[in-house]
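Listed below, chain by chain, are the residues.
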Amino acid sequence: MYKSRKTFLTTFSLITALGFVLTLVAGTAQAAPSFADASLRQTWERSDKLLTERANAGRGFIYGPDVIFGGPENYADASDGKRYVQYFDKARLEINNAGADRNDPNFVSSGLLVKELVTGRQQNGNDVNNFTQGNPSEVQIAGDPNNSGGNPNSPTYRSFKNVATFNNDNPAESRVGSAVSQKLEKAGNVTSVTSPDSSIVIAGYESATRHNIANVFAQYSNSQGLIWNGSGYSNGPLFYPNATYVFGLPITDPYWIRATVAGVEKDVLVQLFERRVLTYTPSNQVDSRVEMGNVGQHYYRWRYQENLGGKSIPASGGNAAPANAPLPTQWLNRLNAYRAAAGLGPVSEDSSLSVDTAKHVQYMLLNPDDFRHDEYADRPGYTAEGQKAAKESNLYGGKGSYGDKNAIDAWLESAYHRYGMLRPELTRVGYALNCDATRCYAVLNVIAGMGGQSDPAGVVYPGNQQQQVKTGMITWQFGSFDPSVTVNSAVVKDAQGNQVAITVQPPEGYWNMIIIKPSKPLASNTTYTVEIQASQNGQALSKTWSFKTA
């Protein structure tokens, strides 16, 4: 166990005890993101500022708690061929003409991301014929990520290609007043079903795109609530100047789908609009049954990390990720950014796991002398759920005040914490951070959400061709129950071919991980190449890859 002013533990230190020989958590406010333009901030603050300041606001984010990327992006009809954008989980905000009237509600616009994801066409300018053709996105449109088969039956954006309208194609007849009884499968097939929720009916029909609108989405589009007016909170419509500005027009009818949410497959109603995806989950709590899909997150992944769905590193002239893209500060986005750098798919938050991790955080705040992967039943704050979370989680804590990024970064720099965070098998996580007047604690559950398979080729970090690397540790990890790996040789070289002095730690039991630590800090702005020769179960293993430091 390592302890300092900021202390962190890994659950794996108690692995034998386990039988192996939010967003912040609901109810906790968080810091608002930063903005480079006042108009972008104003747009975001109107609906989302409240959620970062008040617990249990009774609604979800319209844009998201954190900026995935903010900066210039190529666009033919913008000033100097570049517009300013900010990507959030649920949308992209953009300023196409910085010289336009800032009092115009359309000075800040929201991209038609859903259209591009379904068609596979990246729009490069105002001319509809100025686009780059890629592949429709294969990201699940609702529910958990499908890395390692965690959400196999949920339709993807591609699944909607033959029912969506983009050029007067695939229209639907008006069915106002009728039950929503169509189901869409992952293969794109549409069948008739008995509605899982008889209260859901068609409430409207959009003649421009000729699609029906479900009553729950029509009602949601008229939502009222506390909004930020620039100096205080007042009641008003959440979607300004109107819902079309935020959603766009409907491009499909509503369809029932089956999607795995927090590890459980359930019925979800989905409808695609030009800018947003709306979902309705009957089994959710009332105030979270209608939600925004993570369109901004999915689009950024498709455009910059998957090369328009080609899923290969962009060649020169392609969509290289912006070099100055900052790491997100929100915990889940930051964790997934590190996983993406390692070539792994994202994980999703399991709210029930987060509730349980919050219980162990509270226990540690009440018992600051008992910072460990367990709870005493006779101490204040003990719960069985918190005790279970303690045994399944990375822990971080100590005196002082800090945020999500401190905990996530500290875990990444500790080999056995990194091991749990970068497992291909991991599909769902729970997280909580809370503070009192003198100290803070964070808990990340990295065991309960396992649902996939390990990668026989292993996972390296820093990842191949990763830029702006700040770590002082290089790792190559394999599955806990895969055959143990033996290191034969390991070399780290700089761009001139000079070898770097290193120490190598071989795998130890559960932690099937090769750990390389440079004897001195790596030089900044330098490309390093790693070469490892190893063996596993009598088979030779060889790995060579490069990364560049910050």
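One can find the structure itself at the top, above this paragraph.
Residues numbered from 1 in each chain as written. Predicted model: local features only at pLDDT ≥ 70, side-chain atom pairs only at ≥ 80, totals over all residues. Heavy atoms only, no water.

Engineer: Can you help me understand unusual backbone geometry in this one?
Structural biologist: Trans is the common state for peptide bonds, and a negative phi is the common state for residues other than glycine. Tyr240 connects to Pro241 through a cis peptide bond whose omega is 0°. Inspection of the secondary structure assignment puts Pro241 in the loop between β13 (233-237) and α4 (243-247). The peptide bond linking Tyr461 to Pro462 adopts the cis configuration, its omega dihedral lying at 0°. Structurally, Pro462 is set in the loop between β22 (459-461) and β23 (466-469). (Helix = DSSP H or I, 4+ residues; strand = E, 2+ residues; numbered from the N terminus.)

Engineer: Would you mind going over the state of the cysteines with me for this structure?
Structural biologist: Covalently bonding the sulfur atom of one cysteine to the sulfur atom of another cysteine gives a disulfide. Here the structure, examined in full by the defined rule, presents 1 disulfide. Cys435 shares a disulfide with Cys440; S-S distance 2.0 Å. Here the disulfide of Cys435 and Cys440 is right-handed, its torsion about the S-S bond being about 105°. For Cys435, a relative accessible area of 30% corresponds to the partly exposed category. In this structure Cys440 comes out as buried when scored by relative accessible area, which is 1%. (Disulfide = S-S within 2.5 Å. Buried < 20%, exposed > 50% of the residue type's maximum accessible area, 1.4 Å probe, protein only.)

Engineer: I keep staring at the sheet that holds strand β3 (residues 82-87) and nothing clicks. Help me out?
Structural biologist: Backbone-to-backbone hydrogen bonds join strands into a sheet, with any given pair of strands oriented parallel or antiparallel. One open sheet accounts for 4 strands, arranged β2-β3-β4-β5; its pairing is antiparallel. Looking at which strands have only one partner, the edges of the open sheet turn out to be β2 (69-74) and β5 (109-110). Two elements, β3 and strand β4 (residues 92-95), share 4 bridges in a ladder whose sense is antiparallel. Following the sheet pairing, Tyr87 is matched in β4 by Arg92. (Pairing = 2+ DSSP bridges.)

Engineer: Could you clarify how one ought to interpret the sheet that holds strand β28 (residues 527-536) in this entry?
Structural biologist: Sheet architecture is open: 4 strands sit in the order β23-β29-β28-β25, paired in mixed fashion. Edge strands, defined here as strands with exactly one partner in the open sheet, are β23 and β25 (485-493). Between one strand axis and the next, the sheet turns by 30° as a mean value, whatever way the strands run. (Axes fitted to C-alpha atoms, helices over the stretch in contact; angles between N-to-C directions.)

Engineer: Just to check I follow, could you spell out helix α6 (residues 331-341) for this structure?
Structural biologist: An α-helix turns once every 3.6 residues. As a result, residues three or four positions apart point the same way. Counting buried positions over the 11 residues of α6 gives 8, a clear majority of the element. Turning to α6, its buried residues are Trp331, Leu332, Asn333, Arg334, Leu335, Asn336, Tyr338 and Arg339. Two or three places before Leu332, at the start of α6, stands the capping residue Gln330, its side-chain oxygen 3.1 Å from that residue's backbone nitrogen. Looking one or two residues past α6, Gly343 carries a phi angle of roughly 80°, positive in sign. (Polar contact = N/O pair within 3.5 Å; in protein donor to acceptor, adjacent residues only side chain to side chain.)

Engineer: For this particular structure, what's the right way to read the packing of helix α7 (residues 351-366) against helix α8 (residues 384-391)?
Structural biologist: In a packed pair of helices, the relevant descriptors are the angle between the two axes and the axis-to-axis distance. Across the interface, α7 lies against α8 with an axial gap of 7 Å and an inter-helix angle of 95°. Taken together, the axes of α7 and α8 are roughly perpendicular relative to one another. The segment α7 lies against α8, with Asp356, Thr357, Lys359 and His360 engaging Glu385, Gly386, Ala389 and Ala390. (Parallel < 35°, antiparallel > 145°, perpendicular 65-115°, else oblique. Contact = heavy atoms within 4.5 Å.)

Engineer: When you look at the pairing of β4 in this model, what are you seeing that I'm missing?
Structural biologist: The two faces of the sheet receive side chains in turn, since in a regular strand these alternate between them. Side chains Arg92 and Glu94 project from β4 onto one buried face, and the interleaved Leu93 and Ile95 project onto a second face that is buried too. Taking the residues between adjacent antiparallel strands as the criterion, β3 and β4 are bridged by 4 residues. Across 2 bridges, the pairing between β4 and β5 is antiparallel. Bridged to Glu94 within β5 is Ser109.

Engineer: Can you help me understand the pattern of salt bridges in this one?
Structural biologist: Pairs can form between side chains of opposite charge once their charged atoms are near each other. Enumeration over the complete set of coordinates arrives at 24 salt bridges. Among the ionic pairs, Arg372 bridges to Asp370, the shortest N-O distance being 2.4 Å. Judged by relative accessible area, which is 23%, Arg372 ranks as partly exposed. A single salt-bridge network, built from bridges that share partners, covers Glu73, Arg83, Arg92, Glu94 and Arg303. (Salt bridge = Lys/Arg side-chain N within 4 Å of Asp/Glu carboxyl O.)

Engineer: How do you make sense of the side chain of Ser159 when you look at a structure like this?
Structural biologist: Mapped onto the secondary structure, Ser159 falls in the loop between β7 (131-133) and β8 (182-184). Exposure remark for Ser159: the relative accessible area of 6% places this residue in the buried category. A distance of 2.6 Å separates a polar atom in the side chain of Ser159 from the backbone oxygen of Lys186. Excluding anything up to four places from it in sequence, Ser159 contacts Leu184, Glu185, Lys186 and Gly188.

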